[in-house]
Amino acid sequence: MNPLRMAREGVRFLGHSKRRTFLMLLGPLVGVAALVAVVASARGSGEAVRNRLRMFGDRSIMVFPGDVGSVHGPGGEHATTMKMEDAEAIRAEVPGIDLVAPTVRERDVPISADGQSSTSPVYGVTADFEEAWSWPMATGEAIDEEDVRLLRSVCVIGRTVAKNLFGDADPLGSKIRVGSKKFTVKGVLSVKGTSPRGGDMDDRVMVPITTAMRRLFNREHIGMMRVVLTDPNGLVAAKEAITKLLQKRHHIVPPEADDFEVVTPDMVAGMVRQTQGTFG
């Protein structure tokens, strides 16, 4: 039979059975669309995890309070087992430490300025935060040692906060209310964009950690600490030394469970491989 005639007959048949034709085409269309969506999601999620690994750094260790496995879950960041003294002990007693940057945080704190109001995460940080997290100021100055020592009411803000409260105006030197306290803006952080978890990293206010603990949040515990080593080859030894030191300070005798978690780059890399395998 003539191929052209066969084609005409096929088109005529499809035209007489429109519903059946639609249903026949719908299946492959849905299947292809679902496959494209899954592949795109896998690639996007894998890239997000790789970004998280790059942000973590190859010389960094994160120490969180709370039981192992619950640190990143509900309530983990509010565990009260870690103190500023623990950070000071790690800095003084663990070999190969370059920086220790303890942090406290509260989510959704009311902030306002010039009739504009919003809510943002508020972080209490030390003078080592900028270097430990490789997060320089876009304008102004970072929190310094004197700010921390004197419990000063100063802050640095992210670009999103600056935009929400001040629009296109320069916020340096302006007053903002954080919770019930007034702070002077001394710096604006450089833009970081979206975090690997999808949050806005530029939506934050940072104040001296002593001011946050004593004047804002009224607490004695810290939420986490970032430890930066002088040499990435010392990660295994540093993790072991930090674990033993905190066990001693917290009066933990194995096999009793630790009340903290020490996270290293290889643990994050393992998460990357697991996520990629799951999506694969």
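The present account deals with the structure reproduced in this document. Nothing here was measured: the structure is a model prediction, and the numbers come from that model.

Turning our attention to the overall build of the protein. Across its full length, the protein holds 9 helices and 10 strands. Taking all 280 residues of the protein together, 41% fall into the buried category. Sequence-distant contacts, at least 24 apart, represent 71% of the contacts inside the protein between residues at least 6 apart. Only carbon and sulfur atoms are counted for the fraction: they give 55% of the accessible area of the protein, which is about 15700 Å².

Moving on, we get to the nonpolar core. By size, the foremost hydrophobic cluster in this structure holds 57 residues, and its most contacted members are Ile157, Ile176, Val205 and Val227. Tallying contributions element by element places strand 2 (residues 97–113) first for this core, with 6 residues. Setting aside residues up to four positions removed in sequence, Val227 forms contacts with Arg59, Ser60, Ile61, Val63, Ile90, Ile97, Leu99, Val100 and Ile242.

Within this structure, the stated rule accounts for 2 aromatic pairs. Ring geometry for Phe129 versus Trp135: centroids 6.3 Å apart, planes at 35°, classification tilted. We classify Trp135 as buried; its relative accessible area is 3%. Of the aromatic side chains, those joined through ring pairs into one cluster are Phe129, Trp133 and Trp135.

On to the pattern of salt bridges, then. Counting across every chain of the model gives 11 salt bridges. One salt bridge connects Arg149 with Glu146, and the closest N-O pair in it is separated by 3.6 Å. Of the two residues, Arg149 and Glu146 are both situated in helix 5 (residues 145–149); the distance of 3 residues between them amounts to about one turn of the helix. One salt-bridge network, in which partners are shared between bridges, spans Asp144, Glu146, Asp147, Arg149, Arg152 and Lys186.

Glancing now at unusual backbone geometry. Of note, the bond from Pro254 into Pro255 is cis; its omega dihedral lies within 30 degrees of zero at 10°. The topology assignment puts Pro255 in the loop between helix 8 (235–249) and strand 10 (260–263). At Leu151, a position not held by glycine, the phi torsion is positive, near 55°. In this fold, Leu151 is placed in the loop between helix 5 and strand 5 (154–157). For Leu151, a relative accessible area of 14% gives the class buried.

Moving on: helix 6 (residues 159–166). By the burial criterion, the buried members of helix 6 are Val161, Ala162, Leu165 and Phe166. Down the axis, helix 6 shows its buried residues gathered within 100° of arc, on one side only. Elements that come into contact with the buried residues of helix 6 comprise strand 2, strand 3 (116–125), strand 5, strand 6 (175–178) and strand 8 (205–208). Taken from the residues just after helix 6, Gly167 is the one with a positive phi, measuring 65°.

Here we come to the packing of helix 3 (residues 84–93) against helix 8. For the pair helix 3 and helix 8, the least separation of the axes is 11 Å and the interaxial angle reads 135°. Relative to helix 8, the element helix 3 is oriented oblique. Relative to helix 8, helix 3 is oriented so that their crossing is right-handed. Mapping the contact onto sequence places Glu85, Asp86, Ala89, Ile90 and Glu93 in helix 3 and Ile242, Leu245, Leu246 and Arg249 in helix 8. Each residue belonging to the contact of helix 3 with helix 8 can be placed in one class, and the counts come to 5 nonpolar, no polar and 4 charged.

The rules we used
Residues numbered from 1 in each chain as written. Predicted model: local features only at pLDDT ≥ 70, side-chain atom pairs only at ≥ 80, totals over all residues. Heavy atoms only, no water. Helix = DSSP H or I, 4+ residues; strand = E, 2+ residues; numbered from the N terminus. Buried < 20%, exposed > 50% of the residue type's maximum accessible area, 1.4 Å probe, protein only. Contact = heavy atoms within 4.5 Å. Areas by Shrake-Rupley, 256 points an atom, 1.4 Å probe, with all protein chains shown as cover. Core = buried A, V, L, I, M, F, W, Y, C linked by side-chain atoms within 4.5 Å. Phe/Tyr/Trp six-rings, centres within 6.5 Å; stacked < 30°, edge-to-face > 60°. Salt bridge = Lys/Arg side-chain N within 4 Å of Asp/Glu carboxyl O. Arc of directions from axis to C-beta. Axes fitted to C-alpha atoms, helices over the stretch in contact; angles between N-to-C directions. Parallel < 35°, antiparallel > 145°, perpendicular 65-115°, else oblique. Left-handed = near helix turned anticlockwise from the far one by under 90°. Nonpolar A, V, L, I, M, F, W, Y, C, P; charged D, E, K, R; others polar.

Function cannot be read off these values alone, since they describe shape.
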